[in-house]
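# Working through the structure, step by step
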Amino acid sequence: MITLQTLYHDLCNLLNPRFCGICDSRLNPSEQKLCAKCLMRLPYLFIENYYDNDVSRLFWGRVPVERAYSHFRYLHDSEAHRFMVMLKYKHRPDLGVWMGGVVARELLSQDFFDGIDCIIPVPLHWRRYLTRGYNQSTQIARGIAKVTGLPLLKRHVRRIRNNETQTHKTSSERFQNVENLFRVRRKIPYSHVLLVDDVLTTGATLTSCAQAILDKYPTMCISILTLAKA
Ligand SMILES: [Zn+2]
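## Description of the sheet that holds strand E2 (residues 118-121)
What the four strands build is an open sheet, ordered E1-E6-E5-E2; its pairing is parallel. Looking at which strands have only one partner, the edges of the open sheet turn out to be strand E1 (68-73) and E2. Adjacent strand axes in the sheet meet at a mean angle of 20 degrees when their direction is disregarded. When strand E5 (residues 192-200) meets strand E6 (residues 221-229), the two strands line up parallel, connected through eight bridges. Residue Leu 195 lies in a different strand from E6, and its bridge partner there is Ile 224. Lying on the sheet, helix H4 (residues 93-108) is in contact with E1 and E6; it crosses E1 at an angle near 125 degrees. Sheet strands in contact with helix H6 (residues 136-148) are E2, E5 and E6, and its direction is about 135 degrees off that of E5.

## Remarks on helix H8 (residues 204-216)
Taking 1.5 Å of rise per residue, the 13 residues of H8 would be expected to cover 18 Å, and the 19 Å separating its terminal C-alpha atoms lies within 8% of that figure. Among the 13 residues of H8, 10 are classified as buried, and the element is accordingly described as predominantly covered. Within the sequence span of H8, burial applies to Ala 204, Thr 205, Leu 206, Thr 207, Ser 208, Cys 209, Ala 210, Ala 212, Ile 213 and Leu 214. Looking at the buried side of H8, the elements it contacts are E2, strand E3 (157-159), helix H7 (171-177), strand E4 (182-184), E5 and E6.

## Re the nonpolar core
With 67 residues, the main nonpolar core has Phe 83, Ile 188, Leu 195 and Ile 213 as its most contacted residues. With seven residues, H8 is the single largest residue contributor to this core. Two domains share this core, each providing at least three of its residues, namely domain 1 (1-35) and domain 2 (42-229). Those residues within four positions of Leu 195 in sequence are excluded, and the remaining contacts are Ile 120, Leu 206, Cys 209, Ala 210, Ile 213, Ile 222, Ser 223, Ile 224 and Leu 225.

What counts, and where the lines are drawn
Residues numbered from 1 in each chain as written. Predicted model: local features only at pLDDT ≥ 70, side-chain atom pairs only at ≥ 80, totals over all residues. Heavy atoms only, no water. Pairing = 2+ DSSP bridges. Helix = DSSP H or I, 4+ residues; strand = E, 2+ residues; numbered from the N terminus. Axes fitted to C-alpha atoms, helices over the stretch in contact; angles between N-to-C directions. Contact = heavy atoms within 4.5 Å. Expected span 1.5 Å × (residues − 1). Buried < 20%, exposed > 50% of the residue type's maximum accessible area, 1.4 Å probe, protein only. Core = buried A, V, L, I, M, F, W, Y, C linked by side-chain atoms within 4.5 Å. Domains from an automatic or database assignment.

Following this line, the structure appears as structure tokens:
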């Protein structure tokens, strides 16, 4: 049966067509930022144990992490890769907010957010921020904050060095390169922080960010969420 609402949506779609953030095909009214095909093709990790998984193990022996989660695998030449390119380099911050919300809604029905009382996105160096115009991790965190109602602390941690791109470094070089990369610059009146980043590779950057918080607040509980894991 055609309802007024369907008619309205069809009309909106006709007047203001929307396109998939990955493949650029036209979205139908029930689809949001990505088409169903691209959404289905994302290489999901399906992490159910937040305490012991491929993500949490990256931090063992480096920094205490309570829970850790990544939503999909960052496979080259996959929908995940194309999504991250759009989010980081093609000025689509809205994709980050939306995907952050999608992930949060999924985790909300589990116990992932239990006890977490604030969200901190991994900050960009100001120079990188100026060229990109936004921090992609903040956009993801905004989507999570919207769904969970948790406070988003955007200016409490600062990236004090613009570390050169880490792509050609080995894992141990990356860990050396990110020492003292961050500094806490405002009081964090909470006890369990969710650190949010876009892509997790070796965990060096997130370790450094968590360490900066723990240097100031040794009893702080840290959990980690990233959209992708390389
Ligand atoms: Zn698509």
